[in-house]
Amino acid sequence: MSALNKKNILLCVSGGIAAYKAPELVRQLRAHGANVQVVLTRSAENFVSETSLQAVSGNPVRNSLWDKSAESAMSHIELARWADCLLMAPATANLISSLASGATPDLLTTLALATEAPVFVAPAMNLKMWDKPATVRNIHQLKTDGAIVLGPASGDQACGESGMGRMLQPEEIVEALNNHFSATTLLAGKRVVITAGPTREAIDPVRFISNHSSGKQGFALATAAQQAGAEVCLISGPVNAQTPLLVERIDVVTAQEMFDAVMAQLGRCDIFIGVAAVADYKPEEVRSQKIKKSAETRNSSLKLVENPDIILAVTQHKNPPYTVGFAAETESVIANARAKKRRKNLDLIIVNDVSDARIGFDSEENEVTLIWETGEQVLKKASKELISQSIISSIAQSLSGVEPSAAL
Ligand code: PMT
């Protein structure tokens with residue numbers, strides 16, 4: 001049975017061309033057994049009719065805070081309480097801006113502020129609008145406030161351009177909601193420790209060795225694990241990212257500090273996920289004063305020594321958790337990842353090809369292959385949030401004894 005069965009979904013449609021997909025979205029949600037009520041903005045009515053949404057949802061459609069008969073049947077506060085989730089699809093740049101600032105110019109945004117249910121946002125707009133700093137800021141704010149942003153996708157747009165900004169297809173949105181509701185108890189009772197971001201290894205007081213990790217993948221996994229019911233401890237190197245809601249965060253700088261923080265957690269850890277890009281080496285000596293440019297230093301070289309291998313120490317622990325490593329590879333991607341999995345004795349390794357600038361380090365999206373001893377699973381390019389939800393559900397399945405059986 002679908003996890004959406006009997007769930008109350010409040011579909012909030014704002015005024016973009018993708019609103020024409022709303023009836024199909026309602027149809028698919030209802031096919032999963034969900035109860036759907038629809039709220040339209042005034043501009044959405046230019047793209048989709050109230051009558052068709054009423055017919056397909058089987059419920060009256062709401063569009064105004066001031067509709068006396070609708071309010072007396074079910075007030076907007078009751079409607080906000082009724083919902084198991086709010087789904088903003090399509091969410092225009094204007095709606096996203098109101099949601100991010102907490103403004104309530106209409107019924108739809110008032111409901112978003114009044115509800116305690118999770119809010120899903122499926123953006124749809126022109127690619128230039130999606131790239132504007134204001135939209136980037138607003139999306140970041142929404143995620144920080146706990147909204148779940150679905151997409152957008154890249155492709156041909158109604159305006160004739162091609163790029164990021166298309167609303168996800170109804171089936172992708174329904175799948176994301178289904179994953180969300182089936183995930184809420186997947187890791188209940190489990191404690192998950194996740195490392196994220198880079199480490200920094202000092203050369204002198206002003207210089208260090210590091211890498212391009214932004215922490216996005218690790219933070220998205222922490223969010224997905226928390227939403228799957230786990231207690232999550234996130235050990236992060238220096239990144240510019242907001243701590244996910246209800247996640248315990250420990251900040252570190254060096255690989256040695258990350259190692260110490262991880263070891264301190266191992267007594268209470270069911271699942272360990274090493275997403276951090278840990279520096280394998282550090283300078284043998286950290287100079288106490290800034291190294292000056294001089295004839296002496298011009299031809300000097302930096303002597304490096306090895307950092308501890310954190311994840312190897314985790315799997316060598318007397319009582320190891322289910323251990324998941326990430327592999328950032330640039331060549332022979334799958335073969336190198338398989339070798340790494342065996343060398344580090346991991347239950348699962350997740351490999352991304354970081355030679356592809358569109359995914360991996362410091363990008364919004366990723367594409368990964370999960371490699372167990374018994375099989376593999378490819379997760380096609382998607383936002384790090386969606387990739388993380390799929391990873392968490394695969395880990396939960398693997399813990400219950402189900403692993404992909406594709407031949408190696
Ligand atoms: O942070 P983002 O910008 O979102 O980018 C995400 C990412 C590209 C960093 C992430 O998806 C990723 O690939 N993380 C692993 C990066 C890495 O260091 O891979 P590796 O192949 O060097 O290491 C393999 C595994 O060993 C990793 O789980 C790593 O955390 C662990 N390791 C490595 C060295 C070390 N000294 N200790 C470790 O625990």
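Residues numbered from 1 in each chain as written. Predicted model: local features only at pLDDT ≥ 70, side-chain atom pairs only at ≥ 80, totals over all residues. Heavy atoms only, no water.

This part is about the overall build of the protein. Along the protein, the regular secondary structure elements total 15 helices and 19 strands. The globule rule puts the C-alpha radius of gyration for 408 residues at 22 Å, and the 24 Å found for the protein is close to it. Each of the three principal axes of the protein carries a C-alpha extent, and together these read 80 × 50 × 35 Å. Looking at the protein as a whole, 51% of its 408 residues are labelled buried. Look at the contacts in the protein between residues 6 or more apart in sequence, and 67% of them connect residues 24 or more apart. Accessible surface computed for the protein: about 19300 Å², of which carbon and sulfur atoms make up 49%. (Helix = DSSP H or I, 4+ residues; strand = E, 2+ residues; numbered from the N terminus. Rg over C-alpha atoms; globule rule 2.2 N^0.38 Å. Buried < 20%, exposed > 50% of the residue type's maximum accessible area, 1.4 Å probe, protein only. Contact = heavy atoms within 4.5 Å. Areas by Shrake-Rupley, 256 points an atom, 1.4 Å probe, with all protein chains shown as cover.)

A few words on the pattern of salt bridges. Under the defined criterion, the tally for this structure stands at 21 salt bridges. In this structure, Glu71 engages Arg62 in a salt bridge whose closest nitrogen and oxygen atoms are separated by 2.6 Å. One salt-bridge network, held together by shared partners, links Lys143, Lys216, Asp362, Glu364 and Glu385. (Salt bridge = Lys/Arg side-chain N within 4 Å of Asp/Glu carboxyl O.)

Attention shifts here to the site of the ligand. If you check the shell around the ligand, you find 27 residues, and the closest are Ser213, Ser214, Gly274, Lys340 and Asn352. With respect to the ligand, the backbone of Ile310 contributes an N or O atom lying 3.1 Å from a nitrogen atom. Lys384 is positioned such that a nitrogen or oxygen atom in its side chain is 2.8 Å from an oxygen atom of the ligand. Considered on its own, the ligand offers 780 Å² of accessible surface; in the complex 96% of this is hidden by protein. Among the elements of the structure, α10 (216-227), α13 (310-315), β16 (322-329) and α14 (333-344) are those that each provide at least two residues to the shell around the ligand. The dominant element in the shell around the ligand, judged by the number of residues it contributes, is β16, at four residues. (Near = heavy atom within 4 Å. Polar contact = N/O pair within 3.5 Å; in protein donor to acceptor, adjacent residues only side chain to side chain.)

Next up on the list: the domain arrangement of the protein. Domain annotation for the protein reports domain 1 (8-182) and domain 2 (191-401). Taking the mean C-alpha position of each, domain 1 and domain 2 sit 34 Å from one another. Listed as interface residues are 12 residues of domain 1 and, on the opposing side, eight residues of domain 2. Carbon and sulfur atoms supply 53% of the area that domain 1 and domain 2 bury against each other, a total of about 850 Å² over both sides. Three residues, Lys143, Thr144 and Ile148, lead the burial of domain 1 against domain 2; their summed loss comes to 36% of the area buried on that side. Here Glu385 ties to Lys143 by a salt bridge, and the two come within 3.1 Å at their closest N and O atoms. At the junction of domain 1 with domain 2, the criterion picks out one residue pair in polar contact (both at pLDDT 80 or more). The residue makeup of the side of domain 1 that touches domain 2, split by class, is five nonpolar, five polar and two charged. (Domains from an automatic or database assignment. Buried area = accessible area lost by both parts, 1.4 Å probe. Nonpolar A, V, L, I, M, F, W, Y, C, P; charged D, E, K, R; others polar.)

Next up on the list: the sheet that holds strand β18 (residues 365-371). Here we have eight strands laid out as an open sheet, ordered β12-β11-β8-β13-β16-β17-β18-β19, and mixed in their pairing. The outermost strands of the open sheet, each flanked by one partner alone, are β12 (248-251) and β19 (376-383). Taking each pair of neighbouring strands and ignoring which way they run, the sheet shows an average axis angle of 15 degrees. Relative to β12, strand β11 (residues 231-236) runs parallel, the two sharing four bridges. Bridge pairing in β12 places Cys233 opposite Glu248. Most of the contacts of α10 go to β11, to which it runs at about 170 degrees, and overall it touches β8 (191-196), β11, β12, β13 (271-274), β16 and β18. (Pairing = 2+ DSSP bridges. Axes fitted to C-alpha atoms, helices over the stretch in contact; angles between N-to-C directions.)

Here the focus is the pairing of β8. The element β8 is extensively covered by neighbouring structure, given that six of its six residues are classed as buried. Of the two faces of β8, the one lined by Arg191, Val193 and Thr195 and the one lined by Val192, Ile194 and Ala196 are each fully buried. Here four bridges tie β8 to β13, and the two strands are oriented parallel to one another. Looking across to β13, one finds that Ile194 is bridged to Ile273.

On the surface, Ile17, Tyr20 and Phe47 cluster together into a nonpolar patch covering about 320 Å² of accessible area. As for its position among the elements, Tyr20 is in the loop between β1 (8-13) and α1 (22-31). (Patch = residues over 30% accessible without salt bridge, like charges linked within 9 Å, V, L, I, M, F, W, Y side chains within 5 Å.)

What follows is about helix α8 (residues 133-144). Spanning 12 residues, α8 covers 16 Å between terminal C-alpha atoms, matching the ideal 16 Å at 1.5 Å per step. Where the residues of α8 are buried, they touch α5 (93-101), β4 (119-123), α7 (127-131) and β5 (148-149). Just downstream of α8 lies Gly146, where phi reads positive at about 100 degrees. (Expected span 1.5 Å × (residues − 1).)

With that out of the way, let us pick up unusual backbone geometry. The omega torsion of the bond from Ala89 to Pro90 falls at -5 degrees, within 30 degrees of zero and hence cis. Structurally, the position occupied by Pro90 is in strand β3 (residues 85-91). In this model, Gly151 is joined to Pro152 through a cis peptide bond whose omega is 5 degrees. Its identity is not glycine, yet Leu246 carries a phi of approximately 60 degrees, on the positive side. Topologically, Leu246 is positioned in the loop between β11 and β12. Among the residues examined, Leu246 registers a relative accessible area of 74% and is labelled exposed. Notably, Asn345 is not glycine yet its phi reads approximately 60 degrees, a positive angle. Note that Asn345 resides in the loop between α14 and β17 (348-353). Owing to a relative accessible area of 54%, Asn345 belongs among the exposed residues under this scheme.

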